[in-house]
Amino acid sequence: MTGIMYRKVEILDRIELRQSTIKDWLSCPLMFRFRHVLKLDPSYRSLAAIHGSALHLCIHRLHTNGFTQDIPSLYENALEELMGEETHIPINWKNEPGKDVLILKTHGEELLKGYVNHKRNLTDHILYSEVKFRVGLKGMILTGTIDQLRQHPDGGLELVDIKSGMQRPIKRALNRDWQLNLYAYALRHGELLINGSWVRIRMKVMRTSIYFLRAHEIYKRDGKYGKKGCQKGGPWISCEKPSWEFIQFRAELLNIIKMMTKDWPFPNTASCGFCAYREPCDQRPSIHLSHGYRRISHLIPQPEIKAFRKGE
Ligand code: SF4
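Read on for an overview of the structure.

Focus on the overall build of the chain
Thinking step 1. In terms of helices and strands, the chain carries twelve helices and seven strands.
Thinking step 2. Counting every position in the chain, which comprises 312 residues, the buried fraction comes to 24%.
Thinking step 3. For the chain, the proportion of contacts with a sequence separation of at least 24, taken over those separated by at least 6, is 69%.

Okay, structure coming up:
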């Protein structure tokens, strides 16, 4: 099964062209193959990913049901809901589960309280939150979810992507951020799923922003970066002008899809630290991804293959 090489139509048939699929390919083409083409389950679910999804869900519920909700129970319910999904895949606990859940709750509440107390989150008009999109590109359909679209009093639209990762994104990278550009492109040329129906909205975004949630973390002691009790910084990283070129973006995205749909799954070892496909990856010598290998594989002595798998 894993030794089969797929053609472009077969790959397109097997994968869903979602923003997360492209993200996985950019992170490691080999991992993309395991996850999306071969449809192997990951060996574990990461706590950071569950935490991030729980925070997104809470923020969506804050904007849907109001900011007066009880933050601890809001987070607790979202976390329980997400931990209850895909129960056949084990969670990668770092400590004893109860201790990890307590750490996540404390951290989640801290970030969400910071979000609720940030004035703009209360006063801005949120046009859409966690809205699904689809957009056509050369006969293919790309899908995904936009975190938020905010409308300012002057009518200007701001696209907001909420990040809960450890590392603060840099402003410079925003112009070239393919994910934000994909959202902006979809708002202009695609459709949104509103009240169960796909609606073409043709909206032009004036500003794209990343909302860095961890800026709401509180310093626990005095240090050279800040004083005890203060927030770690401002959450907004914005690109004021729509400096992307849709033509260039289209060309780049098509190039990415072109490479994704060739069965050339090279490893990107920079992503190994958080990869849940290490096991199939370690078995890789048995994935004869070229017809040439298939022709000569019977000539390679078995002990050599075993030693290679063990990394000897
Ligand atoms: S272990 Fe590393 S190289 Fe292998 S699939 Fe995962 S990220 Fe890619």
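And the narrative resumes.
Quick look at the environment of Trp-93
Thinking step 1. Counting through the fold element by element, Trp-93 comes out in the loop between α5 (71-83) and α6 (97-117).
Thinking step 2. According to the C-beta neighbour criterion, Trp-93 is partly exposed, with 13 such atoms within 10 Å.
Thinking step 3. Taking C-alpha positions, Trp-93 is 9.4 Å from Tyr-44, a pair spaced 49 residues apart along the chain.

Re the site of the ligand
Thinking step 1. By nearness alone, every residue bordering the ligand is listed as Cys-28, Leu-30, Met-31, Pro-267, Asn-268, Thr-269, Ser-271, Cys-272, Cys-275, Tyr-277, Arg-278 and Cys-281.
Thinking step 2. Classifying every residue of the shell around the ligand by side-chain character gives eight nonpolar, three polar and one charged.

A short note on the sheet that holds strand β3 (residues 157-163)
The strands that make up a sheet pair up through hydrogen bonds in the backbone, lying either parallel or antiparallel.
Thinking step 1. The sheet built from seven strands is open, its strands ordered β5-β4-β1-β2-β3-β6-β7 with mixed pairing. In this open sheet, the two edge strands, each paired with only one partner strand, are β5 (197-200) and β7 (236-239). In this sheet, neighbouring strand axes are inclined to one another by 40° on average, regardless of whether the strands run parallel or antiparallel.
Thinking step 2. Pairing geometry for strand β6 (residues 207-212) and β7, over four bridges, is antiparallel. For Ser-209, the partnering residue across the bridge sits in β7 and is Ser-238.
Thinking step 3. Docked against the sheet, helix α8 (residues 178-189) engages β1 (125-137), β2 (140-151), β3 and β6, running at close to 140° with respect to β3.

Comments concerning the pairing of strand β4 (residues 191-194)
Thinking step 1. Direction of pairing for β1 relative to β4: antiparallel, over a ladder of two bridges. Bridge pairing in β4 links Arg-134 to Glu-191.
Thinking step 2. As paired elements, β4 and β5 share four bridges and run antiparallel to each other. Residue Leu-193 lies in a different strand from β5, and its bridge partner there is Trp-198.
Thinking step 3. Linkage of β4 to β5, two consecutive antiparallel strands, is achieved through a turn of two residues, within which Asn-195 is found at a positive phi near 50°.

A look at α5
Thinking step 1. Counted at 1.5 Å a residue, the expected span for α5 with its 13 residues is 18 Å, and the 18 Å between its end C-alpha atoms agrees.
Thinking step 2. Among all positions in α5, only Leu-74, Tyr-75, Ala-78 and Leu-79 are buried. Along the axis of α5, the buried positions cluster into a sector of 125°, meaning they face one direction only. Along α5, the residues that are exposed and aim more than 90 degrees away from the buried face are Ser-73, Glu-80 and Glu-81.
Thinking step 3. Close packing links the buried residues of α5 with α4 (47-65) and α6.

Looking at the pairing of β1
The two faces of a sheet get side chains in turn, since along a regular strand they alternate between them.
Thinking step 1. Looking at chain direction, β1 and β2 are connected through eleven bridges and run antiparallel. Counted as the bridge partner of Ile-126 is Arg-150 from β2.
Thinking step 2. Between β1 and the antiparallel strand that follows it, β2, lie two residues; Lys-138 among them carries a positive phi value of about 50°.

Examining the environment of Pro-29
Thinking step 1. Of note, Pro-29 is situated in helix α3 (residues 29-37).
Thinking step 2. For Pro-29 and Trp-264, which are 235 residues apart along the polypeptide, the C-alpha to C-alpha distance reads 7.6 Å.
Thinking step 3. When sequence neighbours within four positions are dropped, the list of residues in contact with Pro-29 reads Trp-264, Pro-265, Phe-266 and Asn-268.

Observations concerning unusual backbone geometry
Thinking step 1. Even without being glycine, Lys-39 reaches a positive phi, approximately 55°.
Thinking step 2. As for its placement among the helices and strands, Lys-39 is situated in the loop between α3 and α4.
Thinking step 3. Non-glycine residue Glu-130 carries a positive phi angle of around 50°.
Thinking step 4. Looking at where Glu-130 falls in the secondary structure, it is placed in strand β1.
Thinking step 5. For Glu-130, a count of 16 C-beta atoms within 10 Å puts it in the partly exposed group.

Cut-off values and rules
Residues numbered from 1 in each chain as written. Predicted model: local features only at pLDDT ≥ 70, side-chain atom pairs only at ≥ 80, totals over all residues. Helix = DSSP H or I, 4+ residues; strand = E, 2+ residues; numbered from the N terminus. Buried ≥ 20, exposed ≤ 12 C-beta atoms within 10 Å, placed from the backbone. Contact = placed C-beta atoms within 7 Å. Near = placed C-beta within 6 Å. Nonpolar A, V, L, I, M, F, W, Y, C, P; charged D, E, K, R; others polar. Pairing = 2+ DSSP bridges. Axes fitted to C-alpha atoms, helices over the stretch in contact; angles between N-to-C directions. Expected span 1.5 Å × (residues − 1). Arc of directions from axis to C-beta.

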